[in-house]
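Coordinates in review
Here is how the chains run, residue by residue.
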Amino acid sequence: MKKIAIDLGSEVTKIYMPGCGVVLTEATCIAVEEYDDHGENKFAIKAYGDKARALSGRAALNTRIINPVFEGDIVHENLAAHLLSYFLEKIEIPFRKAKHAEVMFIVPCGVKAEVRKKYKRLADECGIETVYFILTPFAAVLGHNVTISESVPMFSLDIGSSITNIAAFSQDGIIAGLNVNLGGGNIDVHIIDELAEKSQFKIGGLTAAKLKNTVGSLLADDNKMAVVDGRDAASGAPASLAVNSGMLYPIITAYVDKILEYVQLVISKLPPEVASAVMRGGMYLTGGLIKIDGLPEYIQEKLSIPVHVPEEPQLAAVIGGGAILAADELCERLATEE
């Protein structure tokens, strides 16, 4: 029986298979062509995953680029089922074989029962019969290749594209935690708006994300620069603009500081003994945004707490989910079927 962990993110889906590692990382994106069929609105799928994402800003007028998952929720169940089936086919788990697979879904801290039911229906549409759930904080910390203690609390901060998970926990469960609708995607939108307002220069979401990931930095003396293509806001003519780290610094810090306010809120709710243990043991950082230069150091300085960063922070949660699925005792203790 094949076992796989799936992190169905708003921007990127990651799939991990014990014994094989991460077997898929691809955009959680689907391109659909809408058409009228005798007065009935219908659609045809044009592209999946990365191929669909590549059409963003370039697609025909009747083609929509849709992200069927948003903020941990499945907002387009039918399209999500088509997309997950496509991903499973790519890793050689077609519908006829899916019933023999065990799947671990990584879901946000505090996810509601109705959202879990959507994941169950999604799995059923793909032919999957055995489904488990693990909360992001547990999976993310295990992705650091550490052991979750029965008695010593641990603290996880996972910053995704549209949702951030914050929690203190032990093997017994979450002590205090929450998820907030803030992440790297908010920064992308702000970059687009800022360049339009300050430089009269228009770019799309893919370019904004690339700027954030390559030029964005929280190092005080950093001055990386990139020249990007876009359009002049006034004339609409093609244009280019040089963007440096200093231009993005206030945008990134605005959202990071807001996230850290929620971190401090969670810490303030902890019993004194737990808070002290967390401050000594440090914070486990995961999520794609953590790769921005200087961000871990910025968090450490702001909160006066040690931080731990895995080699691939954007993959830590799915790797941890796979580790839980591969260890029966750990799966029994931490995972749920509902």
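Before any of the text, the structure's been laid out above.
A brief look at the structure comes next. This structure is a prediction, so every number in the text was calculated from the model and none was measured.

Helix and strand counts for the protein chain come out as 12 helices and 18 strands. Taking 2.2 N^0.38 as the reference for a compact globule, 338 residues should give roughly 20 Å; the C-alpha atoms of the protein chain span a radius of gyration of 21 Å, in line with that estimate. Dimensions along the principal axes, computed over C-alpha positions, put the protein chain at roughly 65 × 55 × 35 Å. Here the protein chain, with 338 residues, has 50% of them falling under the buried criterion. Considering only contacts within the protein chain whose residues lie at least 6 apart along the sequence, 62% involve residues at least 24 apart. About 15,900 Å² of surface is accessible on the protein chain, with carbon and sulfur atoms providing 49% of the total. Computed over 31 positive and 43 negative side-chain charges, the separation of the two mean positions in the protein chain equals 3 Å.

You can see His82 is positioned in helix 2 (residues 77-90). His82 gets classed as partly exposed once you look at its relative accessible area, which sits at 34%. Linking His82 and Cys126, residues 44 residues apart in sequence, is a C-alpha distance of 8.1 Å. Residues within four places of His82 in sequence aside, it is in contact with Ile30, Ile45 and Tyr48.

Among the 6 residues of strand 11 (residues 154-159), 6 are classified as buried, and the element is accordingly described as predominantly covered. The alternating pattern of strand 11 places Met154, Ser156 and Asp158 on one face and Phe155, Leu157 and Ile159 on the opposite face, and all of these are buried. Adjacent in sequence and paired antiparallel, strand 11 and strand 12 (residues 164-170) are bridged by 4 residues.

We now examine the packing of helix 6 (residues 184-198) against helix 7 (residues 205-214). Relative orientation of the contacting elements helix 6 and helix 7 amounts to 105°, with a least axis distance of 9 Å. In this view, helix 6 runs roughly perpendicular relative to helix 7, as classed from their interaxial angle. Residues Gly184, Ile187, Asp188, Ile191, Ile192 and Leu195 of helix 6 form the contact with helix 7, whose own contacting residues are Gly205, Ala208, Ala209, Leu211 and Lys212. Grouping the constituent residues of the contact of helix 6 with helix 7 by class yields 7 nonpolar, 2 polar and 2 charged.

Let's shift gears to the sheet that holds strand 9 (residues 102-107). Judged by pairing direction, the sheet is mixed, and its 5 strands sit side by side in the order 3-2-1-9-10 without closing on themselves. Of all the strands in the sheet, just strand 3 (21-27) and strand 10 (130-135) have a single pairing partner and so form its edges. Across the sheet, the mean angle from the axis of one strand to that of its neighbour is 20°, orientation sign disregarded. Bridge count for strand 1 (residues 3-8) against strand 9 is 4 bridges, and the pairing is parallel. Note that in strand 9 the partner of Ala5 across the bridge is Met104. Most of the contacts of helix 4 (residues 113-125) go to strand 10, to which it runs at about 145°, and overall it touches strand 1, strand 9 and strand 10. On top of the sheet, helix 11 (residues 316-326) reaches strand 1, strand 2 (12-17), strand 3, strand 9 and strand 10; it is set at about 150° to strand 1, its chief contact.

A full pass over the atoms with the stated rule returns 14 salt bridges. For Arg64, the salt bridge identified is with Glu34, shortest N-O distance 3.2 Å. Here Arg64, found in strand 6 (residues 63-66), pairs with Glu34, found in strand 4 (residues 30-37); they are 30 residues apart in sequence, far enough to count as distant. Given the relative accessible area of 40%, Arg64 is considered partly exposed. Linking Lys198 and Glu194 is a salt bridge whose minimum nitrogen-to-oxygen distance equals 2.7 Å. Placement of both Lys198 and Glu194 in helix 6 is noted, with a separation of 4 residues, approximately one turn of the helix. What emerges from the salt-bridge pattern is a single network uniting Asp222, Lys224 and Asp293.

What counts, and at which threshold
- Residues numbered from 1 in each chain as written.
- Predicted model: local features only at pLDDT ≥ 70, side-chain atom pairs only at ≥ 80, totals over all residues.
- Heavy atoms only, no water.
- Helix = DSSP H or I, 4+ residues; strand = E, 2+ residues; numbered from the N terminus.
- Rg over C-alpha atoms; globule rule 2.2 N^0.38 Å.
- Buried < 20%, exposed > 50% of the residue type's maximum accessible area, 1.4 Å probe, protein only.
- Contact = heavy atoms within 4.5 Å.
- Areas by Shrake-Rupley, 256 points an atom, 1.4 Å probe, with all protein chains shown as cover.
- Lys, Arg positive; Asp, Glu negative; His and termini not counted.
- Charge placed at Lys NZ, Arg CZ, Asp CG, Glu CD.
- Pairing = 2+ DSSP bridges.
- Axes fitted to C-alpha atoms, helices over the stretch in contact; angles between N-to-C directions.
- Parallel < 35°, antiparallel > 145°, perpendicular 65-115°, else oblique.
- Nonpolar A, V, L, I, M, F, W, Y, C, P; charged D, E, K, R; others polar.
- Salt bridge = Lys/Arg side-chain N within 4 Å of Asp/Glu carboxyl O.

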